[in-house]
Amino acid sequence: MLLGTIGTGLNLVMELQTIELARDAGHMYARAGPAADFSQPGYQTLLASIGSTLGLSTTAGKGSAVLILSQVLYVDKGICASDGKVDGSGNPLGCTNYGDWVFTQRLTIGNSSVKTSNYGSPVVTGKTPVTIASNGGISLSDQVTNVGDVATFGVGINPYKDVSGVVSGLPSGQTIFIAEAAANGYAMPPIVNNPLMYSYNMF
Amino acid sequence: MPRNFRRGSSQRGSILLLATFSLPLLMVPLVGLAIDATIVRIAQAKLSAAADGAALGAGRLLGTTASTQEIATEFVNANFQTGSSGFWGVTNFTPTVTVTLGTTKTIALNITATVPLFFMRILGKSSVVISAASTATRRDSRIVMVIDRSGSMSGLDGAGSTVIADVISYAQGFAEKFTEGADELGLVVYDGSAVVGYPTVRPWDSTTTKTSTGGPDTSFYSGAGADMIHQIAAIKAAGFTGMAEGLWVAYIELQKAHMRDMAAGGGVDDRTNSIVLFTDGLPTAVTVHLNNTLDNSILSTSACTYKANDTQKMIGWVGILGPPFTTAGGSNISGVYGRASSDTTQTAAWWMANSWINNTQGDSEPGAPVPNTPEGGCNNIYSDYSGKPSSNFQTSGKTDLKQVPNIDGWGNSMDGTAYTNSAVYDSSGSVATPYTGALDHTQVTNPSDWALASWNETDTTANNIRNDSNLVNRAGDTENIMPTIYTIGYEGDGGVDQGLLLRIANDKSSSSYNGSQATGMYIPASNTSALATAFTTVASAILRLSK
Amino acid sequence: MDSAPHWYPVERKLPMNLSLTTATNERGLETKHLHDSIPRASYAPRRSRRRKGAETIEFALTFLPFVAMLFLLVDSAWAIFAKSTLEYAVRAGVRQGITITGTQATAAGSNQTAMVKAIVQSNALGLLSGATGLSEIKVNYFLPPAPGSNGAMTDVSTQTNGNAPLNVMQVSVQGYSIASPVPRMFSWKTKGDGSAMAIGAVAADLIEPGSDSPPIGTAP
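No experiment lies behind these values; they were computed from the predicted model shown. (Residues numbered from 1 in each chain as written. Chains lettered and ligands numbered in written order. Predicted model: local features only at pLDDT ≥ 70, side-chain atom pairs only at ≥ 80, totals over all residues.)

> Account for the sheet that holds strand E1 (residues 137-143) of chain C, naming residues and giving values.
Whether parallel or antiparallel, the strands of a sheet pair through hydrogen bonds between backbone atoms. As summarised here, the arrangement of the four strands in space is E2-E1-E3-E4 (chain C), forming an open sheet in which the pairing is antiparallel. With partners counted over all chains shown, the strands left at the sheet margins are strand E2 (154-155) and strand E4 (198-206) of chain C, one partner each. Across the sheet, helix H2 (residues 41-50) of chain A touches E1, strand E3 (168-177) and E4 of chain C, and the angle it forms with E4(C) is around 140 degrees. Against the sheet, helix H3 (residues 54-97) of chain C contacts E3 and E4 of chain C, and its axis sits at roughly 20 degrees relative to E4(C). (Pairing = 2+ DSSP bridges. Helix = DSSP H or I, 4+ residues; strand = E, 2+ residues; numbered from the N terminus. Contact = placed C-beta atoms within 7 Å. Axes fitted to C-alpha atoms, helices over the stretch in contact; angles between N-to-C directions.)

Okay, structure coming up:
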């Protein structure tokens, strides 16, 4: 019971911290808008200090935690039009991702091998890779035409889908900001084996 | 006699006894405290994060056609999944969303849920109810954009385009972030003189009564050929930088809309009022009222008809050419031009596409004095433009003026030493130290003194706007409209005066920060992408969601 | 061991000696020759002199570790509880602190930093009470780096414009050490050593933009 208490208790505290990290980072990410560039070292140091007990590191590939920030956009006619992928009467033409949610930005901080995103990731390898800029941005043409940039809401629920699965009444250009935090907990075999703390928050 | 013969048999059971009693009385509550309390904390934190996510996500859409109530509920459900695969077995998840509309729109979320406890069950407490609340508020905005279209704006931006083309694009993007039909937007452009680009009502009404025409409105993005988006697209760059007049005209526009909305709203108007100023340089023009009875600037020996009284007001603007005034000298003072806002013949669309310099018409051209009107009789105050007696004050050495005026054409002071707070920065860093000498109003032919006066004019104009100094002249109005000023400075055209722009905005870092006025923001931009970011940052700041 | 008094009649002495012998035999106190000659009664307890103290030792041996484990359980449970409480308290401080307006500050006769610390204190369930607790709460303000810059965030906590909108507010608990609820077992008189068990918590967020900015107060 003692070991169970200590092991479970510590992992519970870590879970609380993943929730708070996802919330803090996501709120700043969604609220700050364009002025905050989370790829800058200054911001990453701040995030690492919030996630310090989880082992979030500013060096990619190091540490025992990861923070994934994504911005996801719904591609409607207006978006197709802004990339020129419409015909004369404004209907989508050659707009591959029309009707899908695509990534407009993806930033990964910390050790990406801890967990991959529950919402998919832009496909950066292969014949037609998605290019992710140093600040995490993805070009408009990739968003509109590259199938590898589509986000999947398999495990999660997309808040902008109403009951019948249709997105209606939304102004063009709506984005969802998603923050996911994951960390390796304390393993205390045989009581606690390979625990993974995970939390996400959508703004 | 042996006494303790009983001890052996009772000792055997003591550990067991101790453990049996301490289990429920000590260990379970302790472990319950640690584990159960932490689980409840976790559920509470997640619930609170879900509420915040929903408030922000749905709050963004307040004022649009989307159903914020439904979307808020969807967000909460997406962030906090219950049920068999749900979060720690939480049940009775009940979100309550209340949306209130009006010019101040609020979305209030209240969520309760029940968390089952594990260890505390033994002591009879099997679950606990947690709750979280979050609100988002959006007040409808009233914004006037004030855009510098001086000659330097037609310079290159280092990325294949011109600065004015970039600003046009970013300003359009800015306007598109607001809600047609809900927010009110307006447009003022300035070169040597300021003129209203949207709405397109002409002639321009400078009064601030409830029946005044003009003022920002909600049709700025209606798609019509004369909507604000089209007017922005028509802007052409040329001329001086009459920053103070740009700000003051914007202030008049805000007041007109405020009076109109107050009358329509039964005496109440709770929109936020903002001015967004963009510039790429220092102020180089002043508006003047030369025969102002409070501050007459005409030589008594001049031939001007109205030198002694202002039955006909001699109003106009004076342009100053030269480097930032922080170094001595300057090359030119162009004489007095007519105010663009006084023009009664040209349309707003015409003005967007033409400044004073594009105009080659005769006497009816804006900017040139019209004969037999206020400037009549004067010999040495005209601009050196289109055939009138040349009056480059500096080269000719002749002038009808006796002083650099103390009060500008709109009643704002040009006196003082505030210019010692100047701090000029270009994209590489600081390029000039403040001028610490005195402003000598008698040096009529010295461009530097005019330039210092222009700095002061802009500074006091902004301060008066932030104080809503014209409240006394608004009949039936008792409330300060608290305008917030945001300034964006593009540093790539020779530099902007950071000291001045911080003061205009009443940014927290301003040398004259005043806590009783609205706190604005100054955002410098050293290149074109920073400029794009600056516009979107100001839009986000205005679209504040409060919790 | 006394024998029966010599003046007793023989017929009384015998049963008396017998019962005495039996009694001493029961308690294992008889002399050795008697011990060997008298058979054990079935009801006599099988405890021997050698083993009588075994339970005492067994108790002594297990009692201390048991209590130590109990105390460890108490300490770790308390530590976990304290950690989660502090984490929650700083988050509450940030969440409310970033929306404090100048009007609210004036109405409370206070400033942003003081109000945030009060919020953290009230959410810490008494763990951070009093002036000591207040001094362990730190509110730092940071200026984000300029776009495109690789510099670090600048700590502007001591500047009057440190709480400008869109700056970062970081609320943390530093130097809080667990006050063990259990007294130390072996050195009663020595003050408990709290330095070994310091707990911290950090939360941060961006200050909401708005035109009604409160005074910053004394930070951190």
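We are not done yet, so read on.
> Go over the packing of helix H9 (residues 447-466) of chain B against helix H10 (residues 498-505) of chain B, please, and point to the residues and values.
Residues and elements named next belong to chain B. Contact geometry for H9 and H10: axes closest at 8 Å, N-to-C directions at 20 degrees. Comparing the axis directions of H9 and H10 gives the class roughly parallel. Considering the relative orientation of H9 and H10, their crossing is left-handed. Along its contact with H9, which presents Trp-455, Thr-458, Asp-459 and Ala-462, the element H10 presents Leu-500, Arg-503 and Ile-504. Its residues placed into classes, the contact of H9 with H10 shows four nonpolar, one polar and two charged. (Parallel < 35°, antiparallel > 145°, perpendicular 65-115°, else oblique. Left-handed = near helix turned anticlockwise from the far one by under 90°. Nonpolar A, V, L, I, M, F, W, Y, C, P; charged D, E, K, R; others polar.)

> Requested: an account of the interface of chain A and chain B, with residues and values cited.
Every contact between the two is made by 29 residues of chain A and, on the other side, 29 residues of chain B. Elements with a minimum of two residues in the side of chain A that touches chain B: helix H1 (2-32) and strand E4 (196-202) of chain A. Among the elements that make up the side of chain A that touches chain B, the one with the highest residue count is H1(A) (13 residues).

> Describe unusual backbone geometry, naming the residues involved and giving the relevant values.
The step from B:Tyr198 to B:Pro199 runs through a cis peptide bond, and the omega angle for that step is 0 degrees. Residues C:Ala219 and C:Pro220 are joined by a peptide bond in cis, for which omega reads -10 degrees. In this fold, C:Pro220 is placed in the segment after E4. One non-glycine residue, B:Asp468, lies in the positive phi region at around 50 degrees. If you trace the backbone, B:Asp468 turns up in the loop between H9 and strand E13 (484-490). Using a count of 22 C-beta atoms within 10 Å as the deciding quantity, one classes B:Asp468 as buried. We note that B:Asn506 has phi near 55 degrees; this positive angle belongs to a residue other than glycine. Within the element layout of this structure, B:Asn506 appears in the loop between H10 and strand E15 (521-525). Since 26 C-beta atoms lie within 10 Å of it, B:Asn506 is described here as buried. (Buried ≥ 20, exposed ≤ 12 C-beta atoms within 10 Å, placed from the backbone.)

> Explain the pairing of strand E8 (residues 285-289) of chain B to me, using residue names and the numbers behind them.
Residues and elements named next belong to chain B. Among the five residues that make up E8, five are buried, leaving the element largely enclosed by the rest of the structure. Burial along E8 is two-sided: the residues Ala-285, Thr-287 and His-289 and Val-286 and Val-288 are all buried. Sheet topology places E8 next to strand E9 (residues 315-321); five bridges connect them, and they run antiparallel. If you follow Ala-285 over to E9, its bridge partner there is Gly-319.

> Please provide a residue-by-residue account of the sheet that holds strand E14 (residues 496-497) of chain B, values included.
Residues and elements named next belong to chain B. Pairing is antiparallel across the open sheet formed by three strands, whose spatial order is E12-E11-E14. If you trace the sheet from one side to the other, it starts and ends with strand E12 (429-432) and E14, each paired once. Relative to E14, strand E11 (residues 424-426) runs antiparallel, the two being bridged by two bridges. Of the residues in E14, the one forming a bridge with Tyr-425 is Val-496.

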